[in-house]
Each structure stands twice: as C-alpha cells, then as structure tokens.
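A look at the structure
Letter by letter, the chains look like this.
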Amino acid sequence: MEVTFFGTSAGLPTKERNTQAIALNLEPFSNSIWLFDVGEGTQHQILHHSIKLGKVDHIFITHMHGDHIFGLPGLLTSRSFQGGEDKPLTVIGPKGLQQYIETSLRLSESHLNYPITYIEIDNQFTYHHKGFTVSAKLLNHGIPSYGYRIESPTTPGTIDVEALKSIGLYPGPKYQEVKAYDNFEHEGQIYNSEDFKGPAKPGPIISIFGDTKPCQSELSIARDSDVMIHEATYIEGEKTLANNYHHSHIEDVFCLIKQANVKRSLITHLSNRYNYDEIDTIRHQLKANENVPHFEFVKDFDTFKI
Ligand SMILES: [Zn+2]
Ligand SMILES: [Zn+2]
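Note that the structure is a prediction, hence the values are computed from the model and not measured. (Residues numbered from 1 in each chain as written. Chains lettered and ligands numbered in written order. Predicted model: local features only at pLDDT ≥ 70, side-chain atom pairs only at ≥ 80, totals over all residues. Heavy atoms only, no water.)

**Focus: the coordination of the zinc ion (ligand 1)**
Protein-derived ligands of the zinc ion (ligand 1) are D67 (OD), H68 (NE2), D211 (OD) and H269 (NE2), with the metal-ligand distances lying across 2.1 to 2.2 Å. Donor residues for the zinc ion (ligand 1), ordered by position in the chain, follow D-H-x142-D-x57-H. In this structure, the zinc ion (ligand 1) is positioned 3.4 Å from the zinc ion (ligand 2), and both are ligated by D211. Of this pair, D211 sits in the loop between β13 (205–209) and α7 (217–222) while H269 sits in the loop between β15 (265–268) and β16 (270–271); the two residues are 58 residues apart in sequence, bridging distant segments of the chain. H269 gets classed as buried once you look at its relative accessible area, which sits at 2%. (Donors = N, O, S within 2.8 Å, 3.2 Å for Na, K, Ca; no water. Helix = DSSP H or I, 4+ residues; strand = E, 2+ residues; numbered from the N terminus. Buried < 20%, exposed > 50% of the residue type's maximum accessible area, 1.4 Å probe, protein only.)

Written out as structure tokens, the structure is:
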C-alpha cells in the first residue's frame, strides 16, 4: 500500500503547501484509492500525479472545516469527466456532509454521471469493505471531528509444499482445497489445513486523524498503528495555546506515539505560517532531543510505502 499527501497546510494554503488531502492506494489488496479529506484545490494537486479520479471509490471526511472539504464539489464534478462515469462512489463523514455536497451541486446545476452513497458517521462507526475494517471515533476539536482506524486484510499463510508431500499429496488441484478450506481430505483421512500453511500475515493498521486537541479516544484509534497520520498545527511554542484552539502541539503527538506504540508517524497540517525551510529547521531542533520518538513532517506530494 501507499499513502500520498496532496495538502499539508493548516487552515489556509501557502505558496508551497495546499490544504488537507491524503490518498491511500489500496494495492495489492484492492485496485482502488481512498481519499481522506478534500481541501480546496485537491483536484489540481491530483493532476500533477498519476492517480486517476476514476480509481477513487471512497472519500472519507474527518470534519467539516473548510480546509478539509472545500475541494469536494469541484473534485466530484470533475470525476464525471476523468474516468468516473458509472463508477459508484461512497462518501463517508460527519453529519451535514450529504447536505453540503447536494446543495453545492444543486445550486451550481452540476450533474454527476455516477451514483454516490452517503454514510454519515457517529462514534460507533464501523465499516467493512473488501477485507478492510474501518472504524471511527469522535475527537475533540470544537466541532465533530473524527479519527479513522483502517485495519487491512490478513494475508493467508502460503502452502507448505514439503509438508504436503510428506503425506503423499503432490502439487495439483487439491492444493486449492487446502488453501480455501479449514480442513481437507486425503486418502480417507481428514487434515487440518492450518498445519500445512505458513503463518498468516496481518495487514497494516493505519490511523488517520482529523484535527483535534489531545483526548482519550485518540489512544484506541492509534494503538499499534503501523502508520499514524496526525496533525500538529503547533510545532513550537506554548502547548496550552495549541490546545486552547482545539489543536495538537507536537509534544501531544509525541506523547501519543509513545502511549499507543505507533511504529511510524507522519505529521501533517502544520501551521500555514511556516515555509519548508523553517519546518526543516524546527525538525532538526526537535530531533536533537534524544527522548523524541521517530517522526516525519510531510510535504505536499510526499509518498510513503506502507
Ligand atoms: Zn484543519
Ligand atoms: Zn479543523
């Protein structure tokens, strides 16, 4: 799998950084792309990349602030002309999302040539799709803002050919049965398929947070994530200021990384006051402290393999 950032700025775009949008490429599990948040201009950013809008079959929205949703009407309309015709789309997000999209499309007399299914979420949200399980929890951001936890499918263990040969079962159609079923029969005897396979490999866990100040539900979303994507609007200065504005300070994110046993953290939604050089300077200062866990500040168009 792969994650690409199309916008990493908080609140407003800058000359270098657009507002929020994250694309999750589900290959090899599924030939599709999920978008998380669609800040204004996301479709322009995607034009600079090989991703095609027709491949986007799910859009998840974390919360209704403009820097996370103002790109939706344009992107949805363009999808009709960029490979999306007749390809269903599922849009998932907080209450009010459907009304926002439908009102924008109706008043601008825009017509889509594909169906949209809307799912408006609450704190109990759980969703299953092609072996993926996505759950959401409410954060603390002044308006309803959600964090998503994506659990990828488990890859079954590979067939142990030598073990099968040892019971006289040589490669052939029967191997499909061993792969597909819990038990199989060979020369009148029933065998447990698991005894003839390597260990199953759990798929990666990815957590993607909406804007938030520190809160209890963060832990259950982030726990044991292979990759966590989190905001840090404030990467220096007073922590209380960040939290007063319902945002996270970089120190909050460091705490969460440690508490939740996060393996890799990609930090986005940095204040629009910084350019890349300034972000790099602050990154060096932070990394000079040996107690700081591993983290990365992401840039627009950065792609990470998962
Ligand atoms: Zn934001
Ligand atoms: Zn926000």
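Here the narrative resumes, following the displayed structure.
**Examining the side chain of E296**
Secondary-structure assignment places E296 in strand β17 (residues 296–297). Of note is the side chain of E296, whose polar atom sits 3.1 Å from the side chain of R264. In this structure E296 touches R264, S265, L266, I267 and F304, once residues within four positions along its chain are discounted. (Polar contact = N/O pair within 3.5 Å; in protein donor to acceptor, adjacent residues only side chain to side chain. Contact = heavy atoms within 4.5 Å.)

**What to know about the sheet that holds strand β9 (residues 132–138)**
If you walk across this open sheet you meet the seven strands as β8-β9-β10-β13-β14-β15-β17, and the pairing is mixed. In this open sheet, the two strands that pair with only one neighbour each are β8 (126–129) and β17. In terms of strand pairing, β13 meets strand β14 (residues 227–231) through three bridges, oriented parallel. In the sheet register, S207 faces β14, and the bridge partner there is M228. Helix α9 (residues 250–259) contacts β13, β14, β15 and β17 of the sheet and is inclined by roughly 160° relative to β14. (Pairing = 2+ DSSP bridges. Axes fitted to C-alpha atoms, helices over the stretch in contact; angles between N-to-C directions.)

**Focus on the coordination of the zinc ion (ligand 2)**
The zinc ion (ligand 2) binds to the protein through H63 (NE2), H65 (ND1), H141 (NE2) and D211 (OD); the donor distances cover 2.1 to 2.4 Å. Taken together, the four donor atoms coordinating the zinc ion (ligand 2) span angles of 89 to 168° at the metal, a pattern that classifies the geometry as irregular. Between the donor residues of the zinc ion (ligand 2), the gaps in sequence give the motif H-x1-H-x75-H-x69-D. Residue class for H141 comes out buried when judged on its relative accessible area of 5%. (Tetrahedral: all angles 85-135°; square planar, octahedral: opposite > 155°, others 65-115°.)

**Brief notes about the nonpolar core**
Core analysis: the largest hydrophobic core is formed by 26 residues, its most contacted members being W34, F36, Y148 and I150. Counting only elements with at least two residues in this core, the list comes to β1 (2–7), β3 (21–25), β4 (33–38), β9, β10 (146–151), β13 and β14. Once residues lying within four places of it in the same chain are set aside, the contact partners of I150 are W34, F36, F132, T133, V134, P204, I205, I206 and I208. (Core = buried A, V, L, I, M, F, W, Y, C linked by side-chain atoms within 4.5 Å.)

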